[in-house]
Amino acid sequence: MKILIIGSGGREHALAWKLSQEAEVLAAPGNPGIAELAQCFEIASNDFAGLEALCNREKPDLVVIGPEDPLIAGLADRIRGLGVPVFGPGRDGAALEGSKALSKELMVEAGIRTAAHQTFLEPETALYYSLQRIQEVGGVAVKASGAALGKGVVLCRTADEAEDAIQMMMVDQELGPAGATVVVEDLLVGFEFSLLSLCNGKEFWSLPVAQDYKRALDGDRGPNTGGMGTYSPVPAVSPALVAQTEADVVGPTLHALRARGIDYRGVLFTGLMVQGGQPYLLEYNVRFGDPETQSILQRMGPGLGAALVACALGEPIPEVPVLDQAAVTVVAASRGYPGAYRKGVPLSLPPAGDGVTIFQAGTNSVEGQLVTAGGRVLGVGAIGTDLAEARTRAYAWLEAADLEGLYFRRDIAAPETLA
Ligand SMILES: Nc1ncnc2c1ncn2[C@@H]1O[C@H](COP(=O)(O)OP(=O)(O)O)[C@@H](O)[C@H]1O
Ligand SMILES: [Mg+2]
């Protein structure tokens, strides 16, 4: 079996690592870590013509699309049009992530529990509604409808905050077209988790749950990032909560998508807030999470490739065994991230010890020298018999590696952070 992975981050490295245990893996464009496992082609994930030509030449049995941008722009449809099976939704399904306004519409249509909300095209009406809700329930989330790289949600508890957020998105248009339409919803209070389900259009199979850490610094301080670490399993998310989420959220979503004629084949990522013991759906993503995937895949037994192919073909999804082990991933990021940071800092990675796997993200190879090339540089993964052992292994590697110019959180999967 030959699998082409599209993308170049830590998520794609984890996919290449897992899938190369059972298939020949190609990647476009990949990164230096992926290149140790797969043949890489220098074709960007937004170069649809180049990717089509690559598929015609290499005839992969499966294409797995990692990032959301090419999915939202319709890459899965283009490659399916060539007769190549694709794991990843088409443009219609990917709109669940590309448009929060549309995703909210679908949630209501499907009868899914979610924060009360309204969608606005005019700043005046958005503000009027926000002020009303702040009085009534104490706060709102102001959300740019379009994809805004994690910068499109502002939580507001005062009139001033709501006014600033609406001014920034709708009047000053700081997020570009992503902020032209805004969803305002009631603030929920609770703990968050996400569930990733593999879908074949009709049925789904959920991956083990992983918890992520979004803030840059220990103790959940500092700015929001793309994610500074993950662990799995998550003691706070019981099997009953997962089953309830599947029954109340994932199943109804697939059903509503089908009712709209959307054949959703890929990961359905549901972001949830548990309030009063009930899961409320905050958002959909349409791809594997990064860095959730790095922890999740470390816990998977053999057969992921076959499951992804089955999803791509709309066939019954074979269950993939989940190892009775815990996994932790600690992200090492460029000092300064998510603000400005230096690139091109040389990296030398000591060998990964027992149970440790290093996933590369923002790296590049310049004349044979590995250097930093992005904000999140590495995901240091480790498995163990429990979270404590996995965590000890990941941090032992990081301490020994003493990476110049990088920082990492020291409390990933620490007991006091487990919800
Ligand atoms: N209704 C809400 N109540 C409380 N917090 C929210 C609400 N909506 C979003 N958030 C917070 O904002 C974060 C980002 O919102 P989300 O809808 O996931 O957008 P995105 O990931 O696209 O930026 C969530 O992870 C959550 O912490
Ligand atoms: Mg989110």
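In this text, all values refer to a predicted model and were calculated from it rather than measured experimentally. (Residues numbered from 1 in each chain as written. Chains lettered and ligands numbered in written order. Predicted model: local features only at pLDDT ≥ 70, side-chain atom pairs only at ≥ 80, totals over all residues. Heavy atoms only, no water.)

**So, the overall build of the chain**
Then, in step 1: From N to C terminus, the chain includes 13 helices and 21 strands.
Then, in step 2: Its C-alpha radius of gyration of 21 Å places the chain within 12% of the 22 Å reference for a compact globule of 419 residues.
Then, in step 3: Out of the 419 residues belonging to the chain, those deemed buried represent 58%.
Then, in step 4: Long-range pairs, those at least 24 residues apart, make up 65% of the contacts in the chain with a sequence separation of at least 6.
Then, in step 5: When the accessible surface of the chain is split by element, carbon and sulfur atoms take 51% of a total near 16900 Å².
Then, in step 6: Charged side chains of the chain number 32 positive and 50 negative; the gap between the two group centres comes to 2 Å. (Helix = DSSP H or I, 4+ residues; strand = E, 2+ residues; numbered from the N terminus. Rg over C-alpha atoms; globule rule 2.2 N^0.38 Å. Buried < 20%, exposed > 50% of the residue type's maximum accessible area, 1.4 Å probe, protein only. Contact = heavy atoms within 4.5 Å. Areas by Shrake-Rupley, 256 points an atom, 1.4 Å probe, with all protein chains shown as cover. Lys, Arg positive; Asp, Glu negative; His and termini not counted. Charge placed at Lys NZ, Arg CZ, Asp CG, Glu CD.)

**A short note on the sheet that holds strand S2 (residues 24-29)**
As a general point, the strands of a sheet are linked pairwise by backbone hydrogen bonds and lie either parallel or antiparallel.
Then, in step 1: Strands sit in the order S3-S2-S1-S4-S5 across an open sheet of five strands; the sheet is parallel. The open sheet has two edge strands with one neighbour each: strand S3 (39-40) and strand S5 (86-87).
Then, in step 2: Bridging between strand S4 (residues 62-65) and S5 involves two bridges; their strand directions are parallel. Directly across from Val 63, in S5, lies its bridge partner Val 86.
Then, in step 3: Along the sheet, helix H1 (residues 10-19) makes contact with strand S1 (2-7), S2 and S4, crossing S1 at roughly 170°.
Then, in step 4: Seen against the sheet, helix H3 (residues 48-58) touches S1, S2 and S4 and runs at an angle of roughly 170° to S1. (Pairing = 2+ DSSP bridges. Axes fitted to C-alpha atoms, helices over the stretch in contact; angles between N-to-C directions.)

**Examining the environment of Gln 360**
Then, in step 1: By the element assignment, Gln 360 lies in strand S17 (residues 356-360).
Then, in step 2: For the pair formed by Gln 360 and Gly 111, sequence separation is 249 residues and the distance between their alpha carbons is 40 Å.
Then, in step 3: Sequence-distant contacts of Gln 360, defined by excluding residues within four places in its chain, comprise Gly 9, Gly 10, His 13, Asn 31, Pro 32, Gly 33, Glu 36, Leu 349, Leu 370, Val 377 and Leu 378.
Then, in step 4: At 2.8 Å, the side chain of Gln 360 and the side chain of Thr 363 are in polar contact. (Polar contact = N/O pair within 3.5 Å; in protein donor to acceptor, adjacent residues only side chain to side chain.)

**Regarding the pattern of salt bridges**
Then, in step 1: Going through the model one piece at a time under the given rule, you end up with 20 salt bridges.
Then, in step 2: In this structure, Glu 136 and Arg 133 form a salt bridge, with 3.5 Å as the shortest nitrogen-oxygen distance. Of this pair, Glu 136 and Arg 133 both sit in helix H8 (residues 123-137), separated by three residues, roughly a single helical turn.
Then, in step 3: Residue classification places Glu 136 among the exposed residues on the basis of a relative accessible area of 58%.
Then, in step 4: Since its relative accessible area comes to 16%, Arg 133 is described here as buried.
Then, in step 5: Taking the shortest distance from any N to any O, the salt bridge between Arg 133 and Asp 186 comes out at 2.8 Å. (Salt bridge = Lys/Arg side-chain N within 4 Å of Asp/Glu carboxyl O.)

**Points about the nonpolar core**
As a rule of thumb, nonpolar side chains are buried together in soluble globular proteins.
Then, in step 1: Among the nonpolar cores identified, the biggest contains 71 residues, and Val 63, Trp 397, Leu 398 and Leu 403 are the most heavily contacted of them.
Then, in step 2: Excluding residues within four positions of it along the chain, Leu 398 makes contact with Val 330, Ala 332, Val 380, Leu 403 and Phe 408.
Then, in step 3: Counting residues in each nonpolar core, the second largest holds 35 residues, with Ala 23, Leu 198, Leu 297 and Ala 312 among its members. (Core = buried A, V, L, I, M, F, W, Y, C linked by side-chain atoms within 4.5 Å.)

**Structural notes on the domain arrangement of the chain**
Then, in step 1: Each assigned domain of the chain is listed here: domain 1 (2-91), domain 2 (116-186), domain 3 (191-313) and domain 4 (326-417).
Then, in step 2: In this assembly, ten residues from domain 1 lie in contact with nine residues from domain 4.
Then, in step 3: Buried surface at the junction of domain 1 and domain 4, both sides included, amounts to about 630 Å², of which 63% is carbon and sulfur.
Then, in step 4: Ranking the residues of domain 1 by area buried against domain 4 places His 13, Trp 17 and Pro 32 at the top, with a combined share of 59%. (Domains from an automatic or database assignment. Buried area = accessible area lost by both parts, 1.4 Å probe.)

**Structural notes on the sheet that holds strand S9 (residues 182-186)**
Then, in step 1: Taken in spatial order, the four strands line up as S6-S9-S7-S8 in an open sheet, and their pairing is antiparallel. If you trace the sheet from one side to the other, it starts and ends with strand S6 (117-120) and strand S8 (153-156), each paired once. Sheet twist, expressed as the average angle between the axes of neighbouring strands with direction ignored, equals 20°.
Then, in step 2: Lying on the sheet, helix H9 (residues 159-171) is in contact with S6, strand S7 (140-144), S8 and S9; it crosses S8 at an angle near 160°.

**What about the site of ligand 1?**
Then, in step 1: Every one of the 14 residues lining ligand 1 counts as a neighbour, but Lys 143, Glu 185, Leu 188, Glu 192 and Glu 283 are closest to it.
Then, in step 2: With respect to ligand 1, the side chain of Lys 100 contributes an N or O atom lying 2.9 Å from an oxygen atom.
Then, in step 3: Contact between ligand 1 and Glu 283: an oxygen atom at 2.9 Å from a side-chain N or O atom of the residue.
Then, in step 4: The protein chains hide 79% of the 540 Å² of surface that ligand 1 would expose on its own.
Then, in step 5: Contributing elements (two or more residues each) for the shell around ligand 1: S7, S8, S9 and strand S15 (278-285).
Then, in step 6: In terms of residue class, the shell around ligand 1 is built from seven nonpolar, one polar and six charged. (Near = heavy atom within 4 Å. Nonpolar A, V, L, I, M, F, W, Y, C, P; charged D, E, K, R; others polar.)

**Side note on empty space enclosed by the protein**
Then, in step 1: This model, assessed by the stated rule, comprises one cavity of 30 Å³ or more.
Then, in step 2: Considered as a void within the structure, the largest cavity measures approximately 50 Å³ in volume.
Then, in step 3: The wall of the largest cavity is formed by Gly 10, Asp 290, Pro 291, Gln 294, Val 331, Ala 361, Arg 376, Leu 378 and Gly 379.
Then, in step 4: At three residues, the largest contribution of residues to the lining of the largest cavity is made by strand S20 (residues 376-384).
Then, in step 5: Here the residues of the lining of the largest cavity sort into four nonpolar, three polar and two charged.
Then, in step 6: Mapped onto the domain boundaries, the lining of the largest cavity takes at least three residues apiece from domain 3 (191-313) and domain 4 (326-417). (1 Å grid on protein atoms, 1.4 Å probe; cavity = no way out; pocket = protein on both sides within 12 Å on 5 of 7 lines; lining within 4 Å. Points joined across faces, edges and corners; volume = space filled by probe spheres on them.)

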